[in-house]
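If you want the building blocks of each chain, they are given just below.
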Amino acid sequence: MAQVRAFVSGNEPISFMLEDRHAAYGWITDTLRQFGYGRCNRADKGVLRQYLLKVTGLSRAQVARCIAQLTDGGAIRDRRRAPTVPFVRRYTADDIRLLAEIDALHGTLSGTTTRKLCERAFNVHGDARYERLAGISNGHLYNLRQHKDYQAKRGSFDKTRPTKVNIGERRKPAPGGCPGYLRVGSVHQGDLDGIKGVYLINAVDEVTQFQAVFAVEHISEAYLLPVLEAMMDAFPFVIRGSTATTARSTSTTKVAKLLKKLLVEQTKSRSRQTNDNALAESKDASTVRKYLGYSHIPQHCASQVNAFTVEVLSPYLNFHRPCHFPTEYTDAKGRIRKRYRYRDMMTPFEKFRSLPDAKIYLKKGTTMKKLDAIAAECSDNDAAQRLNEGRTKLFQFINKTQQRAA
């Protein structure tokens with residue numbers, strides 16, 4: 001016992017700890033029997049317990065349980081349960097990092113949209129890395145977004161901020177399943193020190209969700225007429241009608257006049273029908289605000305913003321960003337309902353291509369072959385990378401101009 005006390009009271013590190021649990025149990029049994037633990041006094045028992053703790057590396061509670069088992073039953077048994085077999089992991093750490101990468105490229109879209117992008121990356125663009133993610137469920141995709149590997153790769157992100165917009169129209173257009181009926185909305189990039197920002201004109205086709213975004217310095221005929229003429233040319237099909245949001249600004253009135261000059265039917269809002277122009281308003285939030293933000297953009301940067309929206313943003317939205325398309329059905333009460341099914345998700349170009357006799361809606365000089373070539377020019381992820389790089393350059397230019405002005 002004198003040697004045991006000297007060993008316990010010493011500060012020298014030990015190099016012979018018993019890491020194997022079964023070997024530790026055998027050594028504890030031999031040690032307690034050697035010193036006659038049951039006949040020892042209280043002080044010696046305490047020294048022996050410290051000795052067992054130091055050599056085995058077990059906790060005080062574990063050593064106490066071992067002593068109790070030996071005293072009561074004459075043997076120390078391993079009471080641990082058999083190790084449980086974990087569930088087989090279908091999605092690896094590489095898949096989680098790949099999900100974080102695609103979210104970083106596309107700006108953390110909704111779960112179904114991200115699923116469709118993974119599916120297209122594997123099936124359409126032949127990227128074998130997305131083989132497992134192509135079949136992920138919507139719920140488990142959000143589970144992976146909470147994983148520590150995803151957070152380490154992606155970092156924090158903000159959800160889309162909802163905005164309340166007063167929507168109203170006087171007559172709802174009836175496209176009858178034919179493309180060419182546009183929903184037009186305007187977005188203002190705020191004021192700063194009494195100085196107006198640029199205005200963004202966003203036009204969305206009601207049937208295919210084909211989209212064209214343009215930037216102007218002012219809402220006036222001199223600025224809007226060239227943009228509206230370019231807007232008519234931006235769509236691959238013939239434009240038959242346009243519906244604009246009735247706002248308190250003068251933008252709607254001037255847009256209506258200019259569209260009338262271009263011989264395009266213009267409809268106005270209906271009172272107490274708040275969902276008539278919801279498509280244009282939702283696209284303002286989910287595309288224009290998502291990629292250009294809410295901060296002030298000076299009017300003199302309108303040409304640079306317009307080049308970005310026309311050359312980079314609009315092609316990405318039309319050929320590489322999947323959208324939900326509703327399926328209408330009549331419920332038991334005879335009301336028309338809409339259901340958004342995952343299998344109906346596709347890009348606006350794929351939706352246009354799926355229309356019966358889609359070729360008859362094409363404008364003169366536009367062919368399906370040309371549109372297919374644009375869609376196959378790059379993958380969805382490459383288009384998103386180009387979008388992010390173009391947006392970074394745009395805002396670097398805007399920040400430099402604002403610093404010079406200050």
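Please read these numbers as outputs of a predicted model, since none were measured by experiment. (Residues numbered from 1 in each chain as written. Predicted model: local features only at pLDDT ≥ 70, side-chain atom pairs only at ≥ 80, totals over all residues. Heavy atoms only, no water.)

The backbone phi angle of Gln-209 is positive, close to 60°, even though this residue is not glycine. Notably, Asp-357 is not glycine yet its phi reads approximately 55°, a positive angle. Looking at the element boundaries, Asp-357 is found in the loop between helix 13 (348–354) and helix 14 (368–375). (Helix = DSSP H or I, 4+ residues; strand = E, 2+ residues; numbered from the N terminus.)

The next thing to look at is the environment of Lys-153. Counting through the fold element by element, Lys-153 comes out in helix 8 (residues 148–154). Separated by 55 residues in sequence, Lys-153 and Leu-98 have C-alpha atoms that sit 9.3 Å apart. Those residues in contact with Lys-153 that sit more than four places away from it in its chain are Arg-97 and Ala-100. (Contact = heavy atoms within 4.5 Å.)

Of the strand pairs in this sheet, strand 10 (residues 326–330) and strand 11 (residues 336–340) are connected by five bridges, and their pairing is antiparallel. Note on strand 11: the bridge partner recorded for Thr-330 is Ile-336. (Pairing = 2+ DSSP bridges.)

The terminal C-alpha atoms of helix 5 (residues 93–106), which comprises 14 residues, lie 20 Å apart, in line with the 20 Å expected from a rise of 1.5 Å per residue. Listing the buried residues of helix 5 in full gives Asp-95, Ile-96, Leu-98, Leu-99, Ala-100, Ile-102, Asp-103, Leu-105 and His-106. Phi turns positive, to about 85°, at Gly-107, one or two residues after helix 5. (Expected span 1.5 Å × (residues − 1). Buried < 20%, exposed > 50% of the residue type's maximum accessible area, 1.4 Å probe, protein only.)

With that settled, the discussion passes to the packing of aromatic side chains. Any two aromatic rings considered together are summarised by their centre-to-centre distance and by the angle between their planes. Under the counting rule described, the total for this entry stands at eight aromatic pairs. Taking 5.3 Å as the distance between ring centres and 65° as the angle between the ring planes, the aromatic pair formed by Trp-27 and Tyr-51 counts as edge-to-face. Highlighted residues: Trp-27 in helix 2 (residues 21–35) and Tyr-51 in helix 3 (residues 42–56), separated in sequence by 24 residues. Ring geometry for Phe-210 versus Phe-319: centroids 5.9 Å apart, planes at 85°, classification edge-to-face. A residue pair is termed long-range when its members are at least 10 positions apart, and Phe-210 in the loop between strand 5 (199–205) and strand 6 (211–216) and Phe-319 in helix 12 (residues 302–319) qualify at 109 residues. Members of the aromatic cluster, connected to one another through ring pairs, are Phe-210, Phe-235, Phe-237, Phe-319, Phe-349 and Phe-352. One cation-aromatic arrangement involves Lys-45 over Tyr-37; the distance from NZ or CZ to the ring centre is 5.3 Å. (Phe/Tyr/Trp six-rings, centres within 6.5 Å; stacked < 30°, edge-to-face > 60°. Lys NZ or Arg CZ within 6 Å of the ring centre and 35° of its normal.)

What follows is about the nonpolar core. By size, the foremost hydrophobic cluster in this structure holds 39 residues, and its most contacted members are Leu-133, Val-305 and Tyr-316. Sorting the residues of this core by element identifies helix 5, helix 6 (111–123), helix 7 (138–145), strand 6, helix 11 (278–292), helix 12 and helix 15 (380–405) as the ones contributing at least two each. In terms of residue count, the dominant contributor to this core is helix 12 (seven residues). Beyond its immediate sequence surroundings of up to four residues, Leu-133 is in contact with Tyr-91, Asp-95, Leu-98, Leu-99, Cys-118 and Leu-144. Judged by nonpolar contacts, the second largest core, of 29 residues, contains Tyr-199, Phe-210, Ala-212 and Phe-352. (Core = buried A, V, L, I, M, F, W, Y, C linked by side-chain atoms within 4.5 Å.)

What follows deals with the packing of helix 5 against helix 7. Running from N to C, helix 5 and helix 7 point in directions that differ by 95°, and their axes come no closer than 10 Å. If you check the angle between helix 5 and helix 7, you find them roughly perpendicular. The segment helix 5 lies against helix 7, with Ile-96, Leu-99 and Asp-103 engaging Leu-141, Leu-144 and Arg-145. Residues that form the contact of helix 5 with helix 7 fall into these classes: four nonpolar, no polar and two charged. (Axes fitted to C-alpha atoms, helices over the stretch in contact; angles between N-to-C directions. Parallel < 35°, antiparallel > 145°, perpendicular 65-115°, else oblique. Nonpolar A, V, L, I, M, F, W, Y, C, P; charged D, E, K, R; others polar.)

Moving on to helix 3. Note on helix geometry: an α-helix contains 3.6 residues per turn, so any two residues three or four positions apart are oriented the same way. In this model, helix 3 (15 residues) spans 21 Å end to end at C-alpha, consistent with the 21 Å of a helix rising 1.5 Å per residue. Looking only at helix 3, the buried set comprises Asp-44, Val-47, Leu-48, Tyr-51, Leu-52, Val-55 and Thr-56. Each buried residue of helix 3 lies within a common arc of 145° when the element is viewed along its axis, so the set occupies one face. Summarising the geometry of helix 3, the exposed residues directed more than 90 degrees from the buried face are Arg-42 and Ala-43. Looking at the buried residues of helix 3, the elements they touch are helix 1 (2–9), helix 2 and helix 4 (60–73). (Arc of directions from axis to C-beta.)

What follows covers the packing of helix 11 against helix 12. For the pair helix 11 and helix 12, interaxial distance at closest approach is 12 Å and the crossing angle is 130°. Judged by the angle between their axes, helix 11 and helix 12 are oblique. As for the relative orientation of helix 11 and helix 12, their crossing is right-handed in sense. Between helix 11, through Thr-287, Tyr-291 and Leu-292, and helix 12, the contact on the second element is made entirely by Val-305, Phe-308, Thr-309, Leu-313, Tyr-316 and Leu-317. By residue class, the composition of the contact of helix 11 with helix 12 is seven nonpolar, two polar and no charged. (Left-handed = near helix turned anticlockwise from the far one by under 90°.)

This next bit is on the pattern of salt bridges. Taken as a whole, this structure holds 14 salt bridges when the rule is applied. Here Lys-116 ties to Glu-119 by a salt bridge, and the two come within 3.5 Å at their closest N and O atoms. You can see Lys-116 and its partner Glu-119 sitting in helix 6, three residues apart, about one turn around the helix. We note a salt bridge from Asp-127 to Arg-129, for which the minimum N-O separation is 3.0 Å. A relative accessible area of 21% means that Asp-127 is categorised as partly exposed. Taken together, the shared-partner salt bridges connect Arg-120, Glu-350 and Asp-380 into one network. (Salt bridge = Lys/Arg side-chain N within 4 Å of Asp/Glu carboxyl O.)

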